[in-house]
Each structure stands twice: as structure tokens, then as C-alpha cells.
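Here is how the chains run, residue by residue.
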Amino acid sequence: MQKQEVVDLVVANLSRYLGTTMAEASARMQCEKLGLGATVTEADIEALLSRLANGLHVFVGREKTDLALDEIRVALKGAAR
């Protein structure tokens, strides 16, 4: 899957919890820290979601974090088809 497609789906789903600016900054920063290339694997995506979860817990709590990550996984599976 293309990194930009993943980032777009992550941002679209996280925006309702964090706002667009914070969602974009978080997703891009974590991609950079992970050193993700133009194409990402499932393992890359899970690493990204794990990193995002650490910060998301602080802002919205564990329950909403789990919900947000589940929504992102569903969106990514739909996009991969």
C-alpha cells in the first residue's frame, strides 16, 4: 500500500478525535520516525498505529484510542481491496 494513502486514511479517521492539524502532524511525524518509504507493509502499518496509540491515549483515553485504531484498520482493509 502507498504511504500517502495510509496517511490520508489515518488522518481522516483521527481528525474526529484530534482535529485535522494534529492528526496530520502526528501521522507524518510517526512515519518519519519509523523511516517509512513510499510503499508500506502491514508490519509498517501496525508499527505506525502502535506509535500513534501511545500519544492518542493521552488525548482521548484508552477506550477511544482502541475504537479509533479499529476504525483505521477497517478503513485500510477496505482500501486495500
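To be clear, the structure that these remarks concern was listed above.
Below is a summary of the structure that appears in this document. (Residues numbered from 1 in each chain as written. Predicted model: local features only at pLDDT ≥ 70, side-chain atom pairs only at ≥ 80, totals over all residues. Heavy atoms only, no water.)

**As for the overall build of the chain**
Reasoning step 1: The secondary structure content of the chain amounts to three helices and zero strands.
Reasoning step 2: Reading the chain from its N end, one meets helices and strands in the order α-α-α.
Reasoning step 3: In terms of principal-axis extent, the alpha carbons of the chain reach across some 30 × 25 × 20 Å.
Reasoning step 4: Every one of the 81 residues in the chain was classed for burial, and the buried ones make up 33%.
Reasoning step 5: Look at the contacts in the chain between residues 6 or more apart in sequence, and 65% of them connect residues 24 or more apart.
Reasoning step 6: The distance from the centre of the 10 positive side-chain charges to the centre of the 11 negative ones in the chain is 2 Å. (Helix = DSSP H or I, 4+ residues; strand = E, 2+ residues; numbered from the N terminus. Buried < 20%, exposed > 50% of the residue type's maximum accessible area, 1.4 Å probe, protein only. Contact = heavy atoms within 4.5 Å. Lys, Arg positive; Asp, Glu negative; His and termini not counted. Charge placed at Lys NZ, Arg CZ, Asp CG, Glu CD.)

**Quick look at the layout of surface pockets**
Reasoning step 1: Within this model, the largest pocket holds a volume of roughly 200 Å³.
Reasoning step 2: Here the lining of the largest pocket is built from residues that sort into six nonpolar, one polar and four charged. (1 Å grid on protein atoms, 1.4 Å probe; cavity = no way out; pocket = protein on both sides within 12 Å on 5 of 7 lines; lining within 4 Å. Points joined across faces, edges and corners; volume = space filled by probe spheres on them. Nonpolar A, V, L, I, M, F, W, Y, C, P; charged D, E, K, R; others polar.)

**Some words on the pattern of salt bridges**
Reasoning step 1: What the rule picks out here adds up to three salt bridges.
Reasoning step 2: Put simply, Asp70 and Arg73 hold a salt bridge, and the shortest N to O gap is 3.7 Å. On the criterion of helical spacing, the pair formed by Asp70 and Arg73 is a turn pair, its members being three residues apart in helix 3 (residues 42-80).
Reasoning step 3: Residue class for Asp70 comes out partly exposed when judged on its relative accessible area of 45%.
Reasoning step 4: On the accessibility criterion, Arg73 (28% relative accessible area) is partly exposed.
Reasoning step 5: When salt bridges with common partners are traced through the structure, they connect Glu46, Asp70 and Arg73 into a single cluster. (Salt bridge = Lys/Arg side-chain N within 4 Å of Asp/Glu carboxyl O.)

Coordinates in, geometry out; function isn't part of it.
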